[in-house]
Amino acid sequence: MKAEQNLTMLCDFYELTMGNGYFQAGYQDRITYFDMFFRDVPDRGGFAVCAGLDQLIDYLQNLHFDREDIAYLRSRNLFSEEFLEYLQNFRFTGDLWAVPEGTPIFPREPVITVRAPAIEAQLIETFLLLTINHQSLIATKANRIVRAAQGRTVLEFGSRRAQGIDGAISGARAAFIGGCGGTACTISDQLYGVPAGGTMAHSWVQMFGSQYEAFKTYCEIYPNNATLLVDTYNVLKSGVPDAIRAFNEVLKPRGITKCGIRLDSGDMAYLTREARKMLDGAGWTGCQISASNSLDEYIIQDLLRQGAQIDLFGVGERMITASSQPVFGGVYKLAAVEKDGEILPKIKVSENLDKITTPHFKRTYRIFDRATGKAEADYITLHNETVDETKPLELFDPQATWKRKTYTDFIAKPLQVPVFRGGELVYDRPLLPEIQRYCKEQVETLWDEVKRFENPHGYYVDLSQQLWDIKQALLRQN
(Lines give C-alpha, C1' and ligand atoms only; values in the text may rest on other atoms or scores of the structure.)
Protein backbone atom coordinates (compact mmCIF):
# COMPACT_ATOMS: atom_id res chain seq x y z
CA MET A 1 0.00 0.00 0.00
CA LYS A 2 1.32 3.46 -0.90
CA ALA A 3 1.61 5.88 1.98
CA GLU A 4 -0.92 8.68 1.59
CA GLN A 5 -0.08 10.42 4.83
CA ASN A 6 3.10 12.29 5.58
CA LEU A 7 4.19 10.60 8.80
CA THR A 8 7.59 12.27 9.01
CA MET A 9 6.53 14.15 12.14
CA LEU A 10 5.58 10.89 13.83
CA CYS A 11 8.82 11.02 15.77
CA ASP A 12 9.96 11.67 19.30
CA PHE A 13 10.76 15.33 19.76
CA TYR A 14 14.28 14.55 20.92
CA GLU A 15 15.08 13.21 17.45
CA LEU A 16 14.52 16.74 16.14
CA THR A 17 16.46 18.46 18.91
CA MET A 18 19.34 16.01 18.41
CA GLY A 19 19.10 16.53 14.66
CA ASN A 20 19.43 20.27 15.13
CA GLY A 21 22.32 19.65 17.50
CA TYR A 22 24.08 17.36 15.02
CA PHE A 23 23.63 20.05 12.38
CA GLN A 24 25.05 22.80 14.60
CA ALA A 25 28.00 20.56 15.56
CA GLY A 26 28.74 19.79 11.91
CA TYR A 27 27.78 16.12 12.23
CA GLN A 28 24.93 16.11 9.72
CA ASP A 29 27.02 14.20 7.15
CA ARG A 30 28.62 11.76 9.59
CA ILE A 31 27.75 8.21 8.52
CA THR A 32 26.28 6.16 11.35
CA TYR A 33 25.19 2.55 11.81
CA PHE A 34 22.13 1.73 13.91
CA ASP A 35 20.70 -1.69 14.81
CA MET A 36 17.11 -2.47 15.70
CA PHE A 37 16.89 -5.60 17.86
CA PHE A 38 14.85 -6.93 20.76
CA ARG A 39 15.79 -8.41 24.11
CA ASP A 40 13.03 -10.84 25.10
CA VAL A 41 10.51 -13.01 23.24
CA PRO A 42 6.88 -12.19 24.16
CA ASP A 43 5.08 -14.71 26.38
CA ARG A 44 8.45 -16.28 27.21
CA GLY A 45 8.25 -18.08 23.89
CA GLY A 46 11.09 -19.61 21.94
CA PHE A 47 11.05 -17.17 19.02
CA ALA A 48 9.29 -14.15 17.52
CA VAL A 49 8.05 -13.48 13.97
CA CYS A 50 9.33 -10.41 12.12
CA ALA A 51 6.69 -8.16 10.52
CA GLY A 52 6.15 -4.51 9.56
CA LEU A 53 8.89 -4.01 6.96
CA ASP A 54 6.47 -3.12 4.16
CA GLN A 55 5.07 -0.16 6.10
CA LEU A 56 8.60 0.97 6.96
CA ILE A 57 9.42 1.00 3.24
CA ASP A 58 6.39 3.20 2.51
CA TYR A 59 7.42 5.57 5.28
CA LEU A 60 11.01 5.92 4.09
CA GLN A 61 9.95 6.50 0.49
CA ASN A 62 7.61 9.27 1.60
CA LEU A 63 9.94 10.89 4.14
CA HIS A 64 9.82 14.69 3.81
CA PHE A 65 8.86 17.82 5.71
CA ASP A 66 5.83 19.82 4.52
CA ARG A 67 5.59 23.60 4.79
CA GLU A 68 3.26 23.13 7.75
CA ASP A 69 5.88 20.95 9.46
CA ILE A 70 8.60 23.57 9.00
CA ALA A 71 6.26 26.33 10.23
CA TYR A 72 5.45 24.33 13.34
CA LEU A 73 9.12 23.69 14.10
CA ARG A 74 9.92 27.36 13.57
CA SER A 75 7.19 28.29 16.05
CA ARG A 76 8.95 26.32 18.80
CA ASN A 77 11.89 28.76 18.74
CA LEU A 78 14.36 25.90 19.28
CA PHE A 79 15.74 25.24 15.83
CA SER A 80 18.20 27.22 13.76
CA GLU A 81 17.09 28.61 10.41
CA GLU A 82 19.94 26.72 8.76
CA PHE A 83 18.56 23.44 10.15
CA LEU A 84 15.03 24.30 9.03
CA GLU A 85 16.35 25.10 5.57
CA TYR A 86 18.13 21.73 5.55
CA LEU A 87 14.84 20.00 6.39
CA GLN A 88 13.08 21.56 3.40
CA ASN A 89 14.95 19.16 1.07
CA PHE A 90 15.10 16.28 3.53
CA ARG A 91 14.75 12.68 2.35
CA PHE A 92 16.20 9.29 3.24
CA THR A 93 19.49 8.74 1.38
CA GLY A 94 20.92 5.86 3.39
CA ASP A 95 21.25 2.09 3.21
CA LEU A 96 19.02 -0.35 5.04
CA TRP A 97 19.19 -4.10 5.57
CA ALA A 98 16.33 -6.07 7.08
CA VAL A 99 15.20 -9.53 8.04
CA PRO A 100 12.35 -10.39 5.63
CA GLU A 101 8.85 -10.36 7.07
CA GLY A 102 7.70 -13.74 8.32
CA THR A 103 11.18 -14.82 9.46
CA PRO A 104 11.56 -16.27 12.97
CA ILE A 105 13.82 -13.91 14.94
CA PHE A 106 15.61 -14.14 18.26
CA PRO A 107 16.80 -11.74 20.97
CA ARG A 108 19.88 -9.56 20.53
CA GLU A 109 20.36 -10.08 16.79
CA PRO A 110 19.96 -7.17 14.33
CA VAL A 111 16.52 -7.20 12.72
CA ILE A 112 17.01 -3.88 10.91
CA THR A 113 20.38 -2.26 10.23
CA VAL A 114 20.54 1.35 9.04
CA ARG A 115 23.60 3.02 7.54
CA ALA A 116 22.85 6.69 6.97
CA PRO A 117 23.90 10.26 7.82
CA ALA A 118 23.37 10.92 11.52
CA ILE A 119 20.25 13.09 11.26
CA GLU A 120 18.48 10.70 8.88
CA ALA A 121 19.33 7.63 10.94
CA GLN A 122 18.21 9.33 14.14
CA LEU A 123 14.96 10.76 12.81
CA ILE A 124 13.49 7.45 11.64
CA GLU A 125 13.90 5.74 15.02
CA THR A 126 10.35 6.18 16.32
CA PHE A 127 8.46 5.04 13.25
CA LEU A 128 10.86 2.15 12.63
CA LEU A 129 10.35 0.88 16.17
CA LEU A 130 6.62 1.56 16.11
CA THR A 131 5.88 -0.48 13.00
CA ILE A 132 8.34 -3.33 13.56
CA ASN A 133 7.50 -3.66 17.26
CA HIS A 134 3.73 -3.64 16.78
CA GLN A 135 3.45 -5.95 13.80
CA SER A 136 6.10 -8.36 15.08
CA LEU A 137 4.20 -8.58 18.37
CA ILE A 138 0.89 -9.42 16.68
CA ALA A 139 2.46 -11.79 14.13
CA THR A 140 4.19 -13.62 16.98
CA LYS A 141 0.99 -13.96 19.01
CA ALA A 142 -1.00 -15.03 15.95
CA ASN A 143 1.57 -17.69 15.12
CA ARG A 144 1.31 -19.12 18.62
CA ILE A 145 -2.48 -19.26 18.35
CA VAL A 146 -2.41 -20.78 14.87
CA ARG A 147 0.01 -23.49 16.01
CA ALA A 148 -2.24 -24.25 18.98
CA ALA A 149 -5.14 -24.80 16.57
CA GLN A 150 -3.26 -27.75 15.00
CA GLY A 151 -4.19 -27.11 11.39
CA ARG A 152 -7.66 -25.70 12.01
CA THR A 153 -8.45 -22.31 10.51
CA VAL A 154 -7.96 -19.26 12.75
CA LEU A 155 -9.56 -15.93 11.88
CA GLU A 156 -8.68 -12.55 13.41
CA PHE A 157 -11.80 -11.02 15.02
CA GLY A 158 -10.30 -8.23 17.13
CA SER A 159 -10.88 -4.91 15.33
CA ARG A 160 -13.37 -3.50 17.81
CA ARG A 161 -11.03 -4.04 20.73
CA ALA A 162 -7.74 -3.10 19.07
CA GLN A 163 -5.53 -0.30 20.40
CA GLY A 164 -6.72 2.36 17.99
CA ILE A 165 -7.23 2.56 14.24
CA ASP A 166 -3.86 1.33 13.04
CA GLY A 167 -3.84 -1.32 15.75
CA ALA A 168 -6.83 -2.86 13.98
CA ILE A 169 -5.72 -2.31 10.38
CA SER A 170 -2.04 -3.25 10.49
CA GLY A 171 -2.74 -5.73 13.30
CA ALA A 172 -4.93 -7.74 10.93
CA ARG A 173 -2.10 -7.69 8.38
CA ALA A 174 0.40 -8.94 10.97
CA ALA A 175 -2.00 -11.66 12.16
CA PHE A 176 -2.28 -12.90 8.57
CA ILE A 177 1.52 -13.10 8.33
CA GLY A 178 1.49 -15.15 11.53
CA GLY A 179 -0.85 -17.65 9.90
CA CYS A 180 -4.43 -16.48 10.30
CA GLY A 181 -6.75 -17.35 7.43
CA GLY A 182 -8.49 -13.97 7.36
CA THR A 183 -9.93 -11.08 9.34
CA ALA A 184 -13.19 -9.40 10.26
CA CYS A 185 -11.59 -6.02 9.43
CA THR A 186 -12.89 -4.95 6.03
CA ILE A 187 -10.41 -2.13 5.43
CA SER A 188 -7.46 -4.50 5.95
CA ASP A 189 -8.77 -6.49 3.00
CA GLN A 190 -9.20 -3.34 0.94
CA LEU A 191 -5.73 -1.98 1.73
CA TYR A 192 -3.58 -5.08 2.16
CA GLY A 193 -5.54 -8.01 0.74
CA VAL A 194 -6.12 -9.76 4.06
CA PRO A 195 -9.25 -11.84 3.27
CA ALA A 196 -12.21 -10.31 5.13
CA GLY A 197 -15.35 -12.20 6.01
CA GLY A 198 -18.17 -12.46 8.50
CA THR A 199 -21.70 -13.71 9.00
CA MET A 200 -24.02 -12.43 11.71
CA ALA A 201 -24.22 -11.05 15.25
CA HIS A 202 -26.76 -11.82 17.97
CA SER A 203 -28.68 -8.72 16.93
CA TRP A 204 -29.60 -10.42 13.62
CA VAL A 205 -31.26 -13.27 15.51
CA GLN A 206 -32.98 -10.87 17.90
CA MET A 207 -34.28 -8.71 15.04
CA PHE A 208 -36.70 -11.37 13.76
CA GLY A 209 -39.86 -12.79 15.27
CA SER A 210 -38.17 -16.11 15.91
CA GLN A 211 -34.72 -17.62 15.79
CA TYR A 212 -35.79 -20.01 13.05
CA GLU A 213 -37.05 -17.11 10.92
CA ALA A 214 -33.70 -15.36 11.36
CA PHE A 215 -31.80 -18.49 10.31
CA LYS A 216 -34.09 -19.25 7.38
CA THR A 217 -33.83 -15.69 6.05
CA TYR A 218 -30.07 -15.69 6.31
CA CYS A 219 -29.80 -19.01 4.46
CA GLU A 220 -32.05 -17.64 1.71
CA ILE A 221 -29.94 -14.49 1.29
CA TYR A 222 -26.52 -16.19 1.65
CA PRO A 223 -27.06 -19.83 0.68
CA ASN A 224 -23.40 -20.36 -0.21
CA ASN A 225 -22.07 -18.80 3.00
CA ALA A 226 -24.57 -19.83 5.66
CA THR A 227 -22.91 -19.82 9.07
CA LEU A 228 -25.49 -19.39 11.82
CA LEU A 229 -24.84 -18.06 15.33
CA VAL A 230 -26.61 -20.60 17.57
CA ASP A 231 -26.04 -19.33 21.13
CA THR A 232 -28.39 -16.33 21.30
CA TYR A 233 -30.89 -18.29 23.39
CA ASN A 234 -30.12 -21.97 24.02
CA VAL A 235 -27.50 -23.77 21.95
CA LEU A 236 -28.71 -27.37 22.20
CA LYS A 237 -32.45 -26.93 22.80
CA SER A 238 -33.16 -24.37 20.08
CA GLY A 239 -30.01 -23.01 18.40
CA VAL A 240 -28.73 -26.16 16.72
CA PRO A 241 -32.23 -27.61 16.03
CA ASP A 242 -33.33 -24.36 14.35
CA ALA A 243 -30.12 -24.29 12.32
CA ILE A 244 -30.67 -27.87 11.14
CA ARG A 245 -34.27 -27.03 10.20
CA ALA A 246 -33.14 -24.01 8.17
CA PHE A 247 -30.44 -26.04 6.44
CA ASN A 248 -32.96 -28.76 5.61
CA GLU A 249 -35.58 -26.40 4.23
CA VAL A 250 -33.37 -23.91 2.38
CA LEU A 251 -30.02 -25.50 1.53
CA LYS A 252 -30.88 -29.15 1.06
CA PRO A 253 -33.34 -28.60 -1.84
CA ARG A 254 -30.62 -26.62 -3.62
CA GLY A 255 -28.05 -29.38 -3.17
CA ILE A 256 -25.87 -27.19 -0.93
CA THR A 257 -23.91 -29.03 1.76
CA LYS A 258 -21.46 -26.28 2.74
CA CYS A 259 -22.66 -24.53 5.90
CA GLY A 260 -21.67 -23.82 9.49
CA ILE A 261 -22.69 -22.88 12.99
CA ARG A 262 -20.87 -20.61 15.42
CA LEU A 263 -20.77 -20.51 19.21
CA ASP A 264 -19.69 -17.41 21.08
CA SER A 265 -20.36 -18.46 24.68
CA GLY A 266 -20.79 -21.38 27.05
CA ASP A 267 -18.78 -24.54 27.67
CA MET A 268 -17.24 -24.89 24.22
CA ALA A 269 -15.89 -28.39 24.75
CA TYR A 270 -19.23 -29.87 25.85
CA LEU A 271 -21.46 -27.83 23.54
CA THR A 272 -19.44 -28.51 20.39
CA ARG A 273 -19.29 -32.24 21.10
CA GLU A 274 -23.07 -32.37 21.50
CA ALA A 275 -23.67 -30.09 18.51
CA ARG A 276 -21.49 -32.34 16.37
CA LYS A 277 -23.59 -35.36 17.31
CA MET A 278 -26.82 -33.50 16.45
CA LEU A 279 -25.51 -32.26 13.10
CA ASP A 280 -24.11 -35.65 12.10
CA GLY A 281 -27.33 -37.35 13.16
CA ALA A 282 -29.25 -35.01 10.87
CA GLY A 283 -26.96 -35.77 7.96
CA TRP A 284 -25.00 -32.51 8.06
CA THR A 285 -21.61 -34.14 8.53
CA GLY A 286 -19.87 -31.42 6.51
CA CYS A 287 -21.26 -28.56 8.61
CA GLN A 288 -18.37 -26.69 10.20
CA ILE A 289 -18.43 -25.65 13.83
CA SER A 290 -16.81 -22.31 14.65
CA ALA A 291 -15.98 -20.94 18.10
CA SER A 292 -15.12 -17.48 19.37
CA ASN A 293 -15.18 -15.69 22.77
CA SER A 294 -11.89 -14.53 24.36
CA LEU A 295 -9.75 -17.34 23.01
CA ASP A 296 -5.98 -17.62 23.06
CA GLU A 297 -3.41 -20.36 22.46
CA TYR A 298 -3.82 -21.89 25.92
CA ILE A 299 -7.62 -22.05 25.82
CA ILE A 300 -7.55 -23.47 22.29
CA GLN A 301 -5.01 -26.07 23.35
CA ASP A 302 -7.14 -27.09 26.33
CA LEU A 303 -10.35 -27.24 24.30
CA LEU A 304 -8.78 -29.60 21.78
CA ARG A 305 -7.37 -31.78 24.56
CA GLN A 306 -10.91 -32.01 25.97
CA GLY A 307 -12.24 -33.28 22.66
CA ALA A 308 -13.94 -30.11 21.48
CA GLN A 309 -15.34 -30.50 17.96
CA ILE A 310 -14.23 -27.16 16.52
CA ASP A 311 -13.21 -26.62 12.91
CA LEU A 312 -12.53 -22.88 13.00
CA PHE A 313 -11.53 -20.41 15.71
CA GLY A 314 -12.32 -16.70 15.70
CA VAL A 315 -9.85 -14.97 17.99
CA GLY A 316 -10.35 -11.36 19.05
CA GLU A 317 -8.84 -9.14 21.70
CA ARG A 318 -6.26 -11.55 23.04
CA MET A 319 -4.64 -11.68 19.62
CA ILE A 320 -5.05 -8.14 18.28
CA THR A 321 -3.80 -6.62 21.56
CA ALA A 322 -1.43 -9.48 22.47
CA SER A 323 -3.00 -9.04 25.89
CA SER A 324 -0.75 -11.50 27.71
CA GLN A 325 2.28 -9.31 26.89
CA PRO A 326 1.23 -6.23 24.92
CA VAL A 327 4.72 -4.81 24.28
CA PHE A 328 7.43 -6.01 21.92
CA GLY A 329 10.64 -4.64 23.39
CA GLY A 330 12.54 -3.72 20.25
CA VAL A 331 15.19 -1.01 20.62
CA TYR A 332 17.30 1.04 18.19
CA LYS A 333 20.93 1.59 19.15
CA LEU A 334 24.02 3.16 17.62
CA ALA A 335 26.54 0.45 16.69
CA ALA A 336 29.24 2.35 14.76
CA VAL A 337 30.21 5.59 13.03
CA GLU A 338 32.49 6.29 10.10
CA LYS A 339 35.46 8.61 10.35
CA ASP A 340 37.85 9.16 7.44
CA GLY A 341 36.44 6.05 5.76
CA GLU A 342 37.04 3.84 8.80
CA ILE A 343 34.21 2.16 10.72
CA LEU A 344 34.56 2.88 14.45
CA PRO A 345 32.54 0.54 16.68
CA LYS A 346 30.37 2.03 19.44
CA ILE A 347 28.97 0.29 22.51
CA LYS A 348 26.41 1.09 25.20
CA VAL A 349 27.52 -0.17 28.61
CA SER A 350 25.16 -0.89 31.49
CA GLU A 351 25.14 -2.67 34.83
CA ASN A 352 22.12 -4.47 33.40
CA LEU A 353 23.79 -7.12 31.22
CA ASP A 354 20.82 -7.30 28.83
CA LYS A 355 21.28 -3.62 27.99
CA ILE A 356 24.91 -3.93 26.86
CA THR A 357 24.89 -3.63 23.08
CA THR A 358 26.94 -5.49 20.51
CA PRO A 359 29.08 -2.98 18.58
CA HIS A 360 30.08 -2.62 14.93
CA PHE A 361 28.59 -3.07 11.48
CA LYS A 362 27.49 -6.70 11.53
CA ARG A 363 26.10 -9.56 9.49
CA THR A 364 23.96 -12.40 10.84
CA TYR A 365 23.89 -15.92 9.46
CA ARG A 366 21.39 -18.67 10.23
CA ILE A 367 23.10 -22.04 10.55
CA PHE A 368 21.07 -24.95 9.15
CA ASP A 369 21.91 -28.60 9.57
CA ARG A 370 22.39 -29.89 6.02
CA ALA A 371 20.91 -33.31 6.76
CA THR A 372 17.74 -32.26 8.61
CA GLY A 373 17.22 -28.73 7.23
CA LYS A 374 16.65 -27.54 10.79
CA ALA A 375 17.93 -24.20 12.11
CA GLU A 376 20.60 -24.81 14.75
CA ALA A 377 21.78 -21.33 15.74
CA ASP A 378 22.30 -17.77 14.53
CA TYR A 379 25.82 -16.46 14.10
CA ILE A 380 26.64 -12.73 14.20
CA THR A 381 29.88 -11.66 12.55
CA LEU A 382 31.61 -8.49 11.42
CA HIS A 383 30.16 -7.24 8.13
CA ASN A 384 33.21 -8.36 6.15
CA GLU A 385 33.56 -11.84 7.66
CA THR A 386 32.53 -14.88 5.63
CA VAL A 387 31.55 -18.33 6.79
CA ASP A 388 33.36 -21.21 5.09
CA GLU A 389 30.88 -24.08 4.90
CA THR A 390 33.67 -26.52 4.02
CA LYS A 391 35.36 -26.10 7.42
CA PRO A 392 34.12 -26.92 10.94
CA LEU A 393 32.43 -23.97 12.66
CA GLU A 394 32.72 -23.67 16.44
CA LEU A 395 30.02 -21.58 18.12
CA PHE A 396 29.94 -20.50 21.74
CA ASP A 397 27.28 -19.02 24.00
CA PRO A 398 28.13 -15.31 24.55
CA GLN A 399 26.55 -15.47 28.02
CA ALA A 400 28.40 -18.65 28.99
CA THR A 401 31.47 -18.99 26.79
CA TRP A 402 32.35 -22.49 28.03
CA LYS A 403 29.25 -23.79 26.21
CA ARG A 404 30.57 -24.64 22.74
CA LYS A 405 29.48 -26.74 19.80
CA THR A 406 31.14 -27.52 16.48
CA TYR A 407 29.15 -27.83 13.25
CA THR A 408 30.61 -29.73 10.31
CA ASP A 409 27.80 -30.36 7.81
CA PHE A 410 25.89 -27.10 7.68
CA ILE A 411 24.54 -24.32 5.47
CA ALA A 412 25.03 -20.66 6.49
CA LYS A 413 22.39 -18.25 5.11
CA PRO A 414 22.56 -14.48 5.64
CA LEU A 415 19.53 -13.41 7.66
CA GLN A 416 19.21 -9.80 6.46
CA VAL A 417 18.67 -8.67 2.87
CA PRO A 418 19.38 -5.27 1.27
CA VAL A 419 16.29 -3.06 1.17
CA PHE A 420 17.62 0.46 0.40
CA ARG A 421 20.89 1.51 -1.19
CA GLY A 422 21.65 5.22 -1.35
CA GLY A 423 18.01 5.95 -0.51
CA GLU A 424 16.71 3.88 -3.44
CA LEU A 425 14.57 0.79 -2.94
CA VAL A 426 16.37 -2.35 -4.15
CA TYR A 427 14.09 -4.91 -2.50
CA ASP A 428 11.46 -6.86 -4.43
CA ARG A 429 8.48 -6.58 -2.10
CA PRO A 430 6.66 -9.92 -1.80
CA LEU A 431 2.87 -10.18 -1.80
CA LEU A 432 1.18 -10.81 1.53
CA PRO A 433 0.23 -14.45 0.79
CA GLU A 434 3.88 -15.07 -0.17
CA ILE A 435 4.98 -13.67 3.20
CA GLN A 436 2.52 -15.91 5.01
CA ARG A 437 3.74 -19.01 3.15
CA TYR A 438 7.35 -18.04 3.81
CA CYS A 439 6.59 -17.63 7.52
CA LYS A 440 5.07 -21.10 7.73
CA GLU A 441 8.05 -22.63 5.92
CA GLN A 442 10.58 -20.89 8.15
CA VAL A 443 8.81 -21.77 11.39
CA GLU A 444 8.88 -25.39 10.28
CA THR A 445 12.70 -25.23 10.16
CA LEU A 446 12.73 -24.77 13.95
CA TRP A 447 12.97 -27.76 16.24
CA ASP A 448 9.75 -28.59 18.12
CA GLU A 449 11.59 -27.94 21.37
CA VAL A 450 12.07 -24.28 20.34
CA LYS A 451 8.36 -24.02 19.49
CA ARG A 452 7.08 -25.14 22.90
CA PHE A 453 4.72 -22.65 24.57
CA GLU A 454 6.12 -23.43 28.04
CA ASN A 455 9.85 -23.51 28.81
CA PRO A 456 11.04 -23.65 25.20
CA HIS A 457 14.56 -24.75 24.41
CA GLY A 458 16.92 -21.77 24.23
CA TYR A 459 17.99 -21.01 20.67
CA TYR A 460 21.58 -19.76 20.51
CA VAL A 461 22.56 -16.42 19.00
CA ASP A 462 26.35 -16.46 18.96
CA LEU A 463 29.10 -13.98 18.12
CA SER A 464 32.13 -14.63 15.96
CA GLN A 465 35.45 -14.63 17.76
CA GLN A 466 36.47 -11.35 16.08
CA LEU A 467 33.25 -9.62 17.09
CA TRP A 468 33.47 -11.02 20.62
CA ASP A 469 37.04 -9.73 20.98
CA ILE A 470 36.05 -6.23 19.81
CA LYS A 471 33.13 -6.14 22.24
CA GLN A 472 35.32 -7.23 25.16
CA ALA A 473 37.99 -4.67 24.27
CA LEU A 474 35.38 -1.87 24.26
CA LEU A 475 33.98 -3.06 27.57
CA ARG A 476 37.45 -2.94 29.11
CA GLN A 477 38.10 0.47 27.57
CA ASN A 478 34.87 1.90 28.96
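See above for the structure.
Reading the values: the criteria
Residues numbered from 1 in each chain as written. Predicted model: local features only at pLDDT ≥ 70, side-chain atom pairs only at ≥ 80, totals over all residues. Heavy atoms only, no water. 1 Å grid on protein atoms, 1.4 Å probe; cavity = no way out; pocket = protein on both sides within 12 Å on 5 of 7 lines; lining within 4 Å. Points joined across faces, edges and corners; volume = space filled by probe spheres on them. Nonpolar A, V, L, I, M, F, W, Y, C, P; charged D, E, K, R; others polar. Pairing = 2+ DSSP bridges. Helix = DSSP H or I, 4+ residues; strand = E, 2+ residues; numbered from the N terminus. Axes fitted to C-alpha atoms, helices over the stretch in contact; angles between N-to-C directions. Contact = heavy atoms within 4.5 Å. Core = buried A, V, L, I, M, F, W, Y, C linked by side-chain atoms within 4.5 Å. Buried < 20%, exposed > 50% of the residue type's maximum accessible area, 1.4 Å probe, protein only.

Draft legend 1. Fine view of empty space enclosed by the protein. Inspection of every chain in the model, using the stated rule, returns two cavities of 30 Å³ or more. By volume, the largest cavity is sized at about 40 Å³. Forming the walls of the largest cavity are G45, G46, F47, T140, R144, R147, V450, K451 and R452. Classifying every residue of the lining of the largest cavity by side-chain character gives two nonpolar, three polar and four charged.

Draft legend 2. Examining the sheet that holds strand β21 (residues 460-463) more closely. Reading across from one edge, β18-β14-β15-β21 is the order of the four strands in this open sheet, with mixed pairing throughout. Lying at the two open borders of the sheet, with one neighbouring strand each, are β18 (410-414) and β21. Taken over all neighbouring pairs, the strand axes of this sheet differ in orientation by 30° on average, direction set aside. By the bridge criterion, four bridges tie strand β15 (residues 375-382) to β21 in an arrangement that is parallel. Within β21, the residue paired with I380 across the bridge is L463. Helix α16 (residues 465-477) rests against β14 (362-369), β15 and β21 of the sheet, and its axis sits at about 55° to β15.

Draft legend 3. Quick peek at the layout of surface pockets. Estimates place the volume of the largest pocket at around 1000 Å³. Lining the largest pocket are 39 residues, with F157, G197, G198, T199 and R262 sitting closest to its centre. Of all the elements in the fold, those that place two or more residues in the lining of the largest pocket are β7 (182-183), β8 (227-229), β9 (260-263), β10 (288-291) and β11 (312-315). Sorting elements by how many residues they give to the lining of the largest pocket places β11 first, with three residues.

Draft legend 4. Spotlight on the nonpolar core. Membership of the largest hydrophobic core comes to 126 residues, with the highest contact counts inside it found for I112, V114, F247, I261 and F313. A per-element tally of this core places helix α6 (residues 125-148) first, with eleven residues. Membership of the second largest hydrophobic core comes to ten residues, among which are I367, Y379, L395 and A412.

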